[in-house]
Amino acid sequence: MLFAHPVLAAPGDKEASQGINAARGGFCKRAIPLLESAESQRHRPSSAVALADCHAKQGKLLKASEIYHSVASEKKEPGYTARDVAAITSAKKKAAQTDARIPTLVVKPVEPYEGLVVEINGEAIGDPSTPQRFDPGAPLVVVARADGHEETSQKITLKEKQRREIKLRLKPKPGATKSPQKPVATKAPEKKPPQRPVATKAPEKKPPQRPVATKAPEKKPPQRPVATKAPEKKPPQKPVATKAPEKKPPQKPVATKAPEKKPPQKPVATKAPEKKPPQKPAATEAPPGPPRRAEAPAEGKPGAGQVAERPVEMPEPTPPPRRKQRDVWLGAGFQGFFIPRIAFQLFGEGGRDVLVPGGDIALSTRLGQHFDLVFSVAYARFWMPETPFKPKGHPDTDYEIVESDLQALQAGARLVWNVPLDRDEVFAFRLGAGLGVGWTFLGDLHRTQAYPGDAVPGDPSTFVPGDPYRYKKCRAPNDPAGSFRYCNQLDYDADHYPGYVEPSWFTRPKGRPQGLKPVVYPWLVLPEIGLALRPWDRVAFDLRVGASVTGVLGGLGFRVAL
């Protein structure tokens, strides 16, 4: 045993193991010095990638990218563990992800400047138009100077994934650019004078065109007498127009024949006019049907017309009857919980996403117009496969494989507020909260000590922390051989081997900590959001989602009115 320690650990392995554990826990300030010390003594891809991870978390992306690319270019060498091989594989993917996060800066001159020099944080850049990479959040001072131009300076800060481009425009110094431009401007006007005499010849051709325009008015006078002949032809057309009215008179006697049939009706009407002298009421009636209504008032009273109008007006505004409100409902349906992995990380490391299926039976009664009081009894099966877990702050040697086949009953009450979305409450929005108690009446909770799955039995140097989801169950103390740091009888979980059953909260074995198996636990849902569909008078369907102490709640069920 005295000679075993120097043989098992190589130089830097202790610092590497401590640094990797600290990096996984998020303590990069503590991990970086340990990992740098380990790398200076002995290079390992696993410790180098952990060091790059910490640099990336602290925003030092350039340094992290350099380490990732260096590890990604390595090949498997003798002595590398499975964790080192996995680090080489992951370094390629992390290098690409880190390169995408590194911001770049491009400086593009608006025009070519002679003797242009661009410096960023005091370092000159050879080609400023080429993208330059920098760490995000680091202040940058960009300075540019050129011959005959004033020096400019600008301060910028880049963000992750930003692609920044600066348009560089330098101000010329006074008198630096005016002199070379003057001789160039004086040569251009010397070519313009010979073009002017050519333009003076064009106006000489325009005068002969003006006398041609004076001949046009001479042709207009003969056109006026032609216009005077048109009125001479209009008089013979007037007698033709007089023939049209001659045809209209024969149409008038045709119109007079229609009134000849009406006079015989007048003496018939004269007997009634003695009772109804004026024909004004007949004029007030609709002209299209005076003959039809004339017979009705002659036989009946004027009130008969009012009776005919009422059945037409009354049925139209009558609204359909509202659906009857039901006060007591009996329902059943699916109810389950989803426990995310992050819930385990509130208390330790490891864990996994767990789905807890179940169902419920509920009885609800209406309180007032918009509130429901719901009493329910539910069943839940808390089944979890083999899952690694260890408490927060404990070393990797305390990892255990946890399994559960617990089954529970939950009883509770919920208050739900209904917000109708239509007149008959076919659709309704539901908002509520609930509380109750749960009882694990069946099943056990198993815990077993675990060791790294990549370790080689009989070689203690291979029993180093690795991926906890590849850990295996210990069979007994120091079984397999070399696992004495993981499979031992010195820690609080000394007897956690295959077949161990965790005691309940109300049981405390002699000389050991209290059990962790829940027996009775509180149940709370806040808030609960849902949607109700009532397609028929006595049947409704409910969809609800909420947050509870046992995870995210989801339910789908139906109700029947009693």
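Residues numbered from 1 in each chain as written. Predicted model: local features only at pLDDT ≥ 70, side-chain atom pairs only at ≥ 80, totals over all residues. Heavy atoms only, no water.

Trainee: It is not clear to me how the overall build of the protein chain should be interpreted in this structure. Could you clarify?
Mentor: Summing up its helical and strand segments, the protein chain has 19 helices and 19 strands in all. Per-residue burial for the protein chain yields a buried fraction of 30% across its 562 residues. The contacts in the protein chain between residues at least 6 apart in sequence include a share of 60% that link residues at least 24 apart. Element-wise, carbon and sulfur atoms account for 61% of the exposed surface of the protein chain, whose accessible area totals about 37100 Å². (Helix = DSSP H or I, 4+ residues; strand = E, 2+ residues; numbered from the N terminus. Buried < 20%, exposed > 50% of the residue type's maximum accessible area, 1.4 Å probe, protein only. Contact = heavy atoms within 4.5 Å. Areas by Shrake-Rupley, 256 points an atom, 1.4 Å probe, with all protein chains shown as cover.)

Trainee: Hey, could you run me through helix H4 (residues 45–57) in this one?
Mentor: Quick reminder: α-helices carry 3.6 residues per turn. Residues three or four places apart thus point the same way. The end-to-end C-alpha distance of H4, which contains 13 residues, comes to 18 Å, matching closely the 18 Å that a straight helix rising 1.5 Å per residue would cover. For H4, the tally of buried residues reaches eleven of 13 residues, placing the bulk of the element in the interior. Of all the residues in H4, the buried ones are Pro 45, Ser 46, Ser 47, Ala 48, Val 49, Ala 50, Leu 51, Ala 52, Cys 54, His 55 and Ala 56. Taken together, the buried residues of H4 touch helix H2 (13–24), helix H3 (28–41), helix H5 (61–72) and helix H6 (82–101). (Expected span 1.5 Å × (residues − 1).)

Trainee: Would you explain the nonpolar core in this entry?
Mentor: The tendency in soluble globular proteins is for nonpolar side chains to be buried as a group. Grouped together as the largest cluster of nonpolar side chains are 26 residues, with contacts concentrated most on Ala 31, Leu 35, Val 49, Cys 54, Ile 67, Tyr 68 and Val 71. Among the elements that take part in this core, H4 stands out by supplying seven residues, more than any other. Leu 105, Ile 120, Ile 125 and Val 142 belong to the second-largest nonpolar core, a separate cluster that totals 16 residues. (Core = buried A, V, L, I, M, F, W, Y, C linked by side-chain atoms within 4.5 Å.)

Trainee: So what exactly am I meant to see when it comes to H3 here?
Mentor: The end-to-end C-alpha distance of H3 is 20 Å, a good match for the 20 Å that 14 residues give at a rise of 1.5 Å each. Looking at the buried residues of H3, the elements they touch are H2 and H4.

Trainee: Would you mind showing me how to read the packing of H4 against H5 here?
Mentor: How two helices sit against one another is set out by the angle between their axes and by the gap between those axes. Packing of H4 against H5 brings their axes to within 8 Å, and their N-to-C directions diverge by 160°. With respect to their mutual orientation, H4 and H5 come out roughly antiparallel. Of the two elements, H4 crosses H5, and the hand of that crossing is left-handed. Across from Pro 45, Ala 48, Val 49, Leu 51, Ala 52, Asp 53, His 55 and Ala 56 in H4, the residues of H5 making contact are Leu 61, Lys 63, Ala 64, Ile 67, Tyr 68 and Val 71. Here the residues of the contact of H4 with H5 are counted per class, giving eleven nonpolar, one polar and two charged. (Axes fitted to C-alpha atoms, helices over the stretch in contact; angles between N-to-C directions. Parallel < 35°, antiparallel > 145°, perpendicular 65-115°, else oblique. Left-handed = near helix turned anticlockwise from the far one by under 90°. Nonpolar A, V, L, I, M, F, W, Y, C, P; charged D, E, K, R; others polar.)

Trainee: Mind showing me how you'd approach the packing of aromatic side chains here?
Mentor: Any aromatic ring pair is given by two values, namely how distant the centres are and how the planes are angled relative to each other. A complete count under the given rule lists seven aromatic pairs for this structure. When the centroid spacing of 5.7 Å and the interplanar angle of 45° are considered together, the rings of Trp 439 and Phe 441 count as tilted. Residue classification places Trp 439 among the partly exposed positions, given a relative accessible area of 46%. By relative accessible area, which is 33% here, Phe 441 ends up partly exposed. Ring geometry for Tyr 471 versus Tyr 486: centroids 6.4 Å apart, planes at 90°, classification edge-to-face. (Phe/Tyr/Trp six-rings, centres within 6.5 Å; stacked < 30°, edge-to-face > 60°.)

Trainee: Is there a simple way to think about the state of the cysteines in this case?
Mentor: Simply put, disulfide is the name for a covalent bond between the sulfur atoms of two cysteines. All chains considered together, the criterion is met by one disulfide. The disulfide partner of Cys 474 is Cys 487, and the S-S distance across this bridge is 1.8 Å. In this structure, the disulfide formed by Cys 474 and Cys 487 twists by about -70° around the S-S bond and is classed as left-handed. Highlighted residues: Cys 474 in the loop between strand S16 (472–473) and strand S17 (520–536) and Cys 487 in the loop between S16 and S17, separated in sequence by 13 residues. (Disulfide = S-S within 2.5 Å.)

Trainee: When you look at the pattern of salt bridges in this model, what are you seeing that I'm missing?
Mentor: It is possible for side chains bearing opposite charge to pair when their charged atoms get close. In this structure the tally under the stated criterion is 26 salt bridges. The salt bridge involving Glu 502 is made with Arg 447; its shortest N-O contact spans 3.1 Å. Here Glu 502, found in the loop between S16 and S17, pairs with Arg 447, found in strand S15 (residues 445–451); they are 55 residues apart in sequence, far enough to count as distant. On the basis of relative accessibility, which here comes to 5%, the residue Glu 502 falls in the buried class. (Salt bridge = Lys/Arg side-chain N within 4 Å of Asp/Glu carboxyl O.)

Trainee: Explain the confidence of the model for the protein chain here, please?
Mentor: It should be kept in mind that the predicted coordinates are not to be read in detail where pLDDT is low. Overall, the prediction assigns the protein chain a mean pLDDT of 77, with 71% of residues at 70 or greater. Here residues 207–223 is modelled with pLDDT under 50, and outside its nearest four sequence neighbours on either side it reaches zero contacts, counting other chains as well. Contacts for the low-pLDDT stretch residues 280–302, under 50 throughout, to residues beyond four places or in other chains number two contacts. (pLDDT = per-residue confidence, 0-100.)

Trainee: Could you clarify how one ought to interpret the packing of H2 against H4 in this entry?
Mentor: Look at H2 against H4: their axes get within 10 Å of each other, and the N-to-C directions meet at 35°. Two packed elements cross with a definite hand, and for H2 against H4 that hand is left-handed. Two secondary-structure elements touch here, H2 through Ala 16, Ile 20 and Ala 23 and H4 through Ser 46, Ser 47, Ala 50, Cys 54 and Lys 57. For the contact of H2 with H4, the residue count by class is five nonpolar, two polar and one charged.

Trainee: So what exactly am I meant to see when it comes to the side chain of Thr 448 here?
Mentor: Here Thr 448 lies in strand S15. Residue classification places Thr 448 among the buried residues on the basis of a relative accessible area of 3%. Setting aside chain neighbours within four positions, we find Thr 448 in contact with Glu 400, Ile 401, Lys 473, Cys 474, His 496, Tyr 497 and Pro 498.

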